[in-house]
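# Coordinate analysis (summary)
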Amino acid sequence: MQAAHDIALSVKDLKTYFYTNNRCNKAINGVSFEIRKGKTLCVVGESGCGKSVTASTIMQLLPALSRIEQGQVTYHSDNGDVEIEKLERDGQEMRAIRGSEIAMIFQDPMTALNPVYTIGFQIGESLKYHTNLNSKEIRERTIDLLRDMGISLPEMRVDDYPHQFSGGMRQRAMIAMAMSCNPKILIADEPTTALDVTIQAQIFELMEKLKTEHETAIMLITHDMGVVAELADDVAVMYMGNIVEAGTVDQVLRNPVHPYTRALLDSIPVLGKGKDQIISPISGSTPDPYNRPIGCQFAPRCSYKTDVCDVMPEEVNVDKTRRVMCWNYKDLLPNGE
Amino acid sequence: MLIYIIRRVLIFIPMLLVISFLVYGALELTPGDAVSALINPEVSGRLTEAQFNELREAYGLNKSFLARYGIWLANVFQGNFGHSLAGGVPISTIFLDRLPATLELSVVALLFSTIMGCILGTFSALKRGSIADSSLTVVGMLGVSIPEFFFGLVALLIFALNLGWLPVGGRLLPGYDSIWDRAPHIIMPAMVLSLMMTAGVMRYARSSMLDALSKEFIKTARSKGLPEWRINLMHGFRVALTPVVVLIGFRLPLLIGGSVIIEQVFQWPGIGNAFIAAVRGSDYPLVMMIALFSVFSVLLASLVIDVLTALIDPRVRLN
């Protein structure tokens, strides 16, 4: 375990359920993790596994029909710990944290900016509500932020509307908005999925720079293993609302001990291996969230399945930094451990 | 922007020409003419065909269709809008008399319905699924589906005849023209006229607002820690406004061109009332001018919509 002062945010046994048509979708079903200061935690997993819901839960940006059922989200601020799940959803304390202490950037910069206001106005809004700057200072700070994000001629572009920006520039503007109040934690929900690869690299470079310069803790949600290898310090692999495996990036990518992580890594084509390489997709498909398997959620698709898998496994600490949720993880450990 | 507006106004001219020809032709196809409408049937039974033709000649009705259209058009271009066949009054005088009444009614109805429609629609969207929202939805459906003359008659029955709170019709009594004397007259026609529009605007504002609130940028705004009122009004409502403005703009000519039915029900001395009288009397110079005026207001309204949407939504470029 890390010393407490190194940790920016800790989540313990979090459960978030969605209620629709009298049915309950256990979108997050007991998730625990920590985000370290100045480090990047990558959360990976298939679509619908609960990555984005986890992010929304931290920010209390959940839709109206969902509820945090159980668990704690503790933000370790400079002025002591804040139990986020206890705050009123859109209350004053929660709003004071949003955008100022914990900021978020979204998947699609095309729709995440309001089309009828200028970029400058939208970045300035954060500053207006979280700082005491007057309007002239806000404008100067906004221009500085845009310049820091590598937007040329920020004095002119600040008065542009989102539709006059390219996709990459909009995501930079989104990051400028998120970073405007120097948040302690930045949550990035697939920030480059909608962008092309060259822009993607630039955006990640920018986030890396922010991390080292401002000691910002980053929670990066992605399904791109290449991005994980590049940026992550810690990795959490999610499947059907649980973190099935968590650890440092080296541990998880080099020696995955959960069958799902291993299957996930096997299903990625590797550049340079040529077109004859064997890619093994994970058999079957993710279960219906309303009709889940009884025991281990991955068991029906798992090649290591045994009889014990009909019971839901507990989280087991493999070593100091690594956790796994599997009965048979020992079979996957490399020899000698 | 200015060049765009000028260009749009110039396009009005050919459109008005074409439409005037169509309206003139349609009038030609209606049975009977001004002479037969002007003369009391008891009298006309005793007139000979020669006397009819004499009258037609006097009114210039014996020339061919195209010739009459040509003469009419030439007069209009010289600023001579002609005389009403029924009373011999210059049409420009009729317009000057009637237009203020119509505008008065329209402006009150438009303002009321726009403001109420937007407020109720936004409220409905924010309280989605609540009892208030459901009841507003029912009221909205009733407002849209029940014809306005029915509302007019019911309102007359209740407020004018049974309760006696408001006058039965008309705009003002001679000699009583202070605002306090006028107000009771306009309340009922304006309310009935706005009722339908309020319902329409409300339904539209509600769905437009729900649409805006489901957008990703609302989540962004919330993630910035903005207060709810700012998220709903500045980010939601502002975006929801564009389609609502278009709807209101399309209603504009209906109001200006004479709310024919309401003016009739309440005996409001406006353009719409004059229009009905003119059509009944085959008073074709007057029908022509009122029809052209309606067309002109439709064109003008579409121009106003374009300019307004460009002002509200920066993505719309007029060049």
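If you're wondering where the values come from, they're calculated on a predicted model, not measured in any experiment. (Residues numbered from 1 in each chain as written. Chains lettered and ligands numbered in written order. Predicted model: local features only at pLDDT ≥ 70, side-chain atom pairs only at ≥ 80, totals over all residues. Heavy atoms only, no water.)

The next point concerns the overall build of chain B. On a plain count of helices and strands, chain B comes out with 14 helices and zero strands. Mapped from its N terminus to its C terminus, chain B presents α and β elements in the order α-α-α-α-α-α-α-α-α-α-α-α-α-α. Based on the C-alpha atoms only, the size of chain B along its principal axes is roughly 85 × 55 × 35 Å. At a minimum sequence separation of 6, the contacts of chain B that also span at least 24 residues come to 73%. Put simply, chain B shows about 16,600 Å² of open surface, and 71% of that area lies on carbon and sulfur atoms. The distance from the centre of the 23 positive side-chain charges to the centre of the 19 negative ones in chain B is 15 Å. (Helix = DSSP H or I, 4+ residues; strand = E, 2+ residues; numbered from the N terminus. Contact = heavy atoms within 4.5 Å. Areas by Shrake-Rupley, 256 points an atom, 1.4 Å probe, with all protein chains shown as cover. Lys, Arg positive; Asp, Glu negative; His and termini not counted. Charge placed at Lys NZ, Arg CZ, Asp CG, Glu CD.)

As a further point, take unusual backbone geometry. What is expected of a backbone is that most residues other than glycine have negative phi and most peptide bonds are trans. All names here are of chain A. At leucine 153, a residue that is not glycine, the phi angle is positive and equals roughly 50°. Checked against the element boundaries, leucine 153 lands in the loop between helix H5 (135–148) and helix H6 (154–157). A relative accessible area of 52% means that leucine 153 is categorised as exposed. (Buried < 20%, exposed > 50% of the residue type's maximum accessible area, 1.4 Å probe, protein only.)

All names here are of chain A. Here four bridges tie strand E4 (residues 66–77) to strand E5 (residues 80–83), and the two strands are oriented antiparallel to one another. Looking at E5, one finds that tyrosine 75 is bridged to valine 82. Turn length for the E4-E5 hairpin, with the two strands adjacent in sequence and antiparallel, is two residues. (Pairing = 2+ DSSP bridges.)

Now for the pattern of salt bridges. Inspection of every chain in the model, using the stated rule, returns 24 salt bridges over all chains. Note that A:Lys51 is salt-bridged to A:Glu190, the shortest N-O span being 3.7 Å. In this pair, A:Lys51 sits in helix H1 (residues 51–59) while A:Glu190 sits in the loop between strand E7 (185–189) and helix H8 (197–214), placing the two residues 139 residues apart along the sequence. Take A:Lys51: its relative accessible area is 4%, and that puts it in the buried class. Between B:Lys215 and B:Asp211 there is a salt bridge, and its shortest N-O distance comes to 3.5 Å. Overall, the relative accessible area of 35% leaves B:Lys215 in the partly exposed class. Take B:Asp211: its relative accessible area is 42%, and that puts it in the partly exposed class. (Salt bridge = Lys/Arg side-chain N within 4 Å of Asp/Glu carboxyl O.)

Accessible area lost on assembly of the parts is the figure often given for the size of an interface. All names here are of chain B. Domain boundaries assigned for chain B yield domain 1 (2–77) and domain 2 (100–312). Each partner contributes to the interface: domain 1 provides 20 residues, whereas domain 2 provides 17 residues. Carbon and sulfur atoms make up 82% of the area that domain 1 and domain 2 hide from each other, which totals about 1,600 Å². It is Phe12, Leu16 and Trp72 in domain 1 that bury the most area against domain 2; as a group they hold 31% of the surface buried on that side. On the surface where domain 1 and domain 2 come into contact, there are one salt bridge. The salt bridge involving aspartate 306 is made with arginine 8; its shortest N-O contact spans 2.5 Å. Here domain 1 and domain 2 share two residue pairs in polar contact (both at pLDDT 80 or more) between them. Counting only elements with at least two residues in the side of domain 1 that touches domain 2, the list comes to helix H1 (2–29), helix H2 (34–38) and helix H5 (65–77). It is H1 that provides the largest number of residues to the side of domain 1 that touches domain 2, a total of twelve residues. (Domains from an automatic or database assignment. Buried area = accessible area lost by both parts, 1.4 Å probe. Polar contact = N/O pair within 3.5 Å; in protein donor to acceptor, adjacent residues only side chain to side chain.)

Take the packing of helix H6 (residues 91–126) of chain B against helix H7 (residues 131–145) of chain B next. Pairs of packed helices are described in terms of their axes, by the angle between the two and the distance that separates them. Residue and element names in this part refer to chain B. Between H6 and H7, the least distance of the axes is 8 Å, while the angle of their chain directions is 135°. Taken together, the axis directions place H6 and H7 in an arrangement best described as oblique. Considering the relative orientation of H6 and H7, their crossing is left-handed. In contact with Leu120, Phe123 and Ser124 of H6, H7 contributes Ala132, Asp133 and Leu136. Within the contact of H6 with H7, the residues separate by chemical class into four nonpolar, one polar and one charged. (Axes fitted to C-alpha atoms, helices over the stretch in contact; angles between N-to-C directions. Parallel < 35°, antiparallel > 145°, perpendicular 65-115°, else oblique. Left-handed = near helix turned anticlockwise from the far one by under 90°. Nonpolar A, V, L, I, M, F, W, Y, C, P; charged D, E, K, R; others polar.)

Let's shift gears to the nonpolar core. In globular proteins that are soluble, nonpolar side chains generally tend to be buried together. By size, the foremost hydrophobic cluster in this structure holds 91 residues, and its most contacted members are A:Leu9 and A:Ile102. By residue number, the principal contributor to this core is helix H7 (residues 167–179) of chain A, which donates seven residues. Not counting the four nearest positions on each side in its chain, A:Leu9 is found in contact with A:Phe33, A:Glu34, A:Ile35, A:Ile58, A:Val73, A:Thr74, A:Tyr75, A:His76, A:Ile84, A:Ile102 and A:Ile185. Formed by 26 residues, the second largest nonpolar core is a distinct cluster that contains B:Val192, B:Leu193, B:Met197 and B:Ile248. (Core = buried A, V, L, I, M, F, W, Y, C linked by side-chain atoms within 4.5 Å.)

Turning to the packing of aromatic side chains, a few remarks are in order. To describe a pair of aromatic rings, one takes the distance between the centres and the angle between the planes. Evaluated as defined, the whole model comprises ten aromatic pairs over all chains. Relative to A:Phe121, the ring of A:Tyr117 lies with its centre 4.6 Å away and its plane at 20°, an arrangement referred to as stacked. A relative accessible area of 9% places A:Tyr117 in the buried class. Taking the centre distance of 5.2 Å and the plane angle of 85° together, the rings of A:Tyr239 and A:Phe298 count as edge-to-face. With a gap of 59 residues between them, A:Tyr239 in strand E9 (residues 234–239) and A:Phe298 in the loop between helix H11 (259–266) and strand E11 (316–317) connect regions that are remote in the sequence. Site record: aromatic cluster; members linked through ring pairs are B:Phe21, B:Tyr24, B:Tyr69 and B:Trp72. The aromatic ring of A:Tyr290 is capped on one face by A:Arg23, whose charged end is 3.8 Å from the ring centroid. (Phe/Tyr/Trp six-rings, centres within 6.5 Å; stacked < 30°, edge-to-face > 60°. Lys NZ or Arg CZ within 6 Å of the ring centre and 35° of its normal.)

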